[in-house]
Amino acid sequence: MNFITEKERNTPISDKCDLLVAGGGIAGISAALAAAREGARVTLIEREYMLGGLATLGLIAIYLPLCDGVGRQVSFGIAEELLRLSIHFGVDRDEDVPAMKAWLTDENIDVEARKKYRYAAQYNPHTFAAECEQLLTKHGVKIIYGTVAVDANVEGGKITHVMIENKSGRSAIEVKTVIDATGDADICKLSGAKTALFDKKNMLANWYYYFKNGKVNLRLLGALDDPDDPDGSAQISERRFTGVDAVDTSEMMMLARADMLKDVTRQRKENPECVPVCLPTIPQVRTTRRIIGKHVSNYGEEHTYTETSIGMVGDWRKRGPVFELPFEILYGEEVKNLAVAGRCVSTDEEMAEVTRVIPSCAVTGQAAGTAAAMCDDFTTLDVKKLQEKLVANGVKLHETDL
Ligand SMILES: Cc1cc2nc3c(=O)[nH]c(=O)nc-3n(C[C@H](O)[C@H](O)[C@H](O)COP(=O)(O)OP(=O)(O)OC[C@H]3O[C@@H](n4cnc5c(N)ncnc54)[C@H](O)[C@@H]3O)c2cc1C
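Just so you know, these numbers come straight off a predicted model, no measurement behind them. (Residues numbered from 1 in each chain as written. Predicted model: local features only at pLDDT ≥ 70, side-chain atom pairs only at ≥ 80, totals over all residues. Heavy atoms only, no water.)

## Overview of helix α5 (residues 125–138)
Formally: The helix and strand labels rest on DSSP assignments: H or I over at least four residues marks a helix, E over at least two residues marks a strand, and numbering proceeds from the N terminus. Helix span, expected: 1.5 Å multiplied by one less than the number of residues in the helix. With a 1.4 Å probe rolled over the protein chains alone, any residue whose accessible area is under 20% of its type maximum counts as buried; one over 50% counts as exposed, and the rest are partly exposed. This arc describes the spread of directions from the helix axis toward the C-beta atoms. In what follows, residue pairs with any heavy atoms lying within 4.5 Å of each other are defined as contacts. Polar contact is defined as a pair of N or O atoms within 3.5 Å, subject to the rule that within protein one atom must be able to donate a hydrogen and the other to accept it, and that residues adjacent in sequence are counted only when both atoms are side-chain atoms.
The end-to-end C-alpha distance of α5 is 20 Å, a good match for the 20 Å that 14 residues give at a rise of 1.5 Å each. Listing the buried residues of α5 in full gives P125, F128, A129, E131, C132, L135 and L136. For α5, the angular spread of buried residues about the axis comes to 165°, placing them on one side. In α5, the exposed positions that point more than 90 degrees away from the buried face belong to Q134 and K138. Packing partners of the buried residues in α5 comprise α1 (26–37), β2 (42–45), α2 (78–86), β5 (142–144) and β11 (206–212). Two or three places before H126, at the start of α5, stands the capping residue N124, its side-chain oxygen 2.8 Å from that residue's backbone nitrogen. Note on α5: the residue one or two positions beyond its end, G140, has a positive phi of about 85°.

## Some words on the domain arrangement of the chain
Heads up, the rule is: What marks off one domain from the next here is an automatic or database domain assignment. Defined here as a combined quantity, buried area equals the accessible surface (1.4 Å probe) lost by two parts on assembly, summed across both. Counted as salt bridges are all cases of a side-chain nitrogen of Lys or Arg within 4 Å of a carboxyl oxygen of Asp or Glu. Ten residue types, Ala, Val, Leu, Ile, Met, Phe, Trp, Tyr, Cys and Pro, are classed as nonpolar, four, Asp, Glu, Lys and Arg, as charged, and the remainder, Gly among them, as polar.
Each assigned domain of the chain is listed here: domain 1 (14–199 + 289–401) and domain 2 (202–278). Averaged C-alpha coordinates put domain 1 and domain 2 at centres separated by 27 Å. The interface is formed by 13 residues belonging to domain 1 together with 8 residues belonging to domain 2. Carbon and sulfur atoms supply 74% of the area that domain 1 and domain 2 bury against each other, a total of about 810 Å² over both sides. When the buried area of domain 1 at its contact with domain 2 is split by residue, L59, I60 and I62 rank highest and sum to 45% of it. Here domain 1 is connected to domain 2 by 0 salt bridges. Taken together, the connections running from domain 1 to domain 2 amount to 0 residue pairs in polar contact (both at pLDDT 80 or more). When its residues are assigned to classes, the side of domain 1 that touches domain 2 shows 8 nonpolar, 2 polar and 3 charged.

## A word on the site of the ligand
Formally: Proximity criterion: a residue is near a molecule or strand once any of its heavy atoms comes within 4 Å of it. In short, Shrake-Rupley with a 1.4 Å probe defines the accessible areas, and a residue's cover is counted only from the protein chains shown.
Of all residues adjacent to the ligand, which total 32 residues, the nearest are E46, L54, I62, R356 and I358. Between an oxygen atom of the ligand and a side-chain N or O atom of E46, the distance comes to 2.6 Å. The backbone of R356 places a nitrogen or oxygen atom 2.5 Å from an oxygen atom of the ligand. Here the ligand loses 97% of its free accessible area of 1000 Å² to cover by the protein chains. Per-element accounting of the shell around the ligand gives the leading share, 3 residues, to helix α9 (residues 358–372). Grouping the constituent residues of the shell around the ligand by class yields 17 nonpolar, 8 polar and 7 charged.

## Here's the deal with helix α7 (residues 246–270)
With 25 residues, α7 should cover 36 Å at 1.5 Å per step; its first-to-last C-alpha distance of 37 Å lies within 8% of that length. Those residues of α7 that fall on the buried side of the exposure criterion are D248, T249, M252, M253, A256, D259, M260, D263, V264 and Q267.

Okay, here's the thing in structure tokens:
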């Protein structure tokens, strides 16, 4: 590759905060909310002009389960708060009504119904995004949209400034702590933390809303990354994408839209009134880049007591498994005031199937945000004190607490 040397420049400092959250997906929303509730001055930067990331702009509008599939709720705190917020205007598909009836009550609990129906729901991504925005602004979080983190200044093992670019130009934000909730571990990469790309690249997905038979429906093409999926909706292309290459990712978006056109044309043969009504505006990528943290979680940690647990998650694919997520998957040793949350936490490829989904992004977001409000060095934080705060805010840490 050829290079050009840019001219030296003075970058204006446009903002100063205790915590900079980069990325406003579920992880970033949870982190910002948790930190603001602890009294931190939080700025959240988001590349797009709406909150929610994949869960709203990506139209991935299914809040996967907060339960273990055998009747026990395992994810609590902000993970549950956001699920309830997402269905404030009601669930988006009729099948979820009995599940919500079983789970959204504290009185006369129907144990058999909770075993049968998982604590999950399809929601309206548009109202959810707007409600998240109201929630964060109510808590004093400063949101700056249309803003991309493009560089980080590191001194003595800590980030001092994050460089951003937006409509106002290039500037720097002076920070005490940073949470990388970009989904792609962008800040980790920019600041020299250890990262890795996922070997399993992204299949082409095509989730979009269409109108047919008097109803708006969510189409789930490329719903499962499973070539053996019996319903045939798994593979819509042989091609795989890293999600961290601009040209490759642009092609991914264009192929998804071309597939949408084919799909709508097919559907219109049966029903000429079928029309698309909403398309994803960000790439539907599952796993791209992650931090290699102090600990790398793996699937073998199922049903294991974890001293430094920051909360629990189940496995959306199966009934039974419960994982206590360790604090050490949120940070590495290289950059001490940087934590991650969401789909770029430190796990192996198999465990990422569990940690990349919405409930887990909220669990890791809440923990990272709470921790960020308590310290400017995640490597020396008193985890017991963090756990006390999480428990005080409704989180359950261990399977033995259920
Ligand atoms: C096809 C598909 C199906 C899925 N199905 C489900 C499902 O049914 N249920 C479920 O629970 N999960 C599902 N998932 C997974 C889930 O939707 C996501 O993994 C989760 O929402 C990720 O949240 P996040 O906050 O970690 O990241 P993201 O949602 O990716 O949010 C990251 C945010 O950071 C912003 N950003 C990125 N880089 C920068 C930067 N440099 N500077 C500033 N901002 C930046 C982005 O614009 C984005 O808003 C699915 C995913 C895919 C792709």
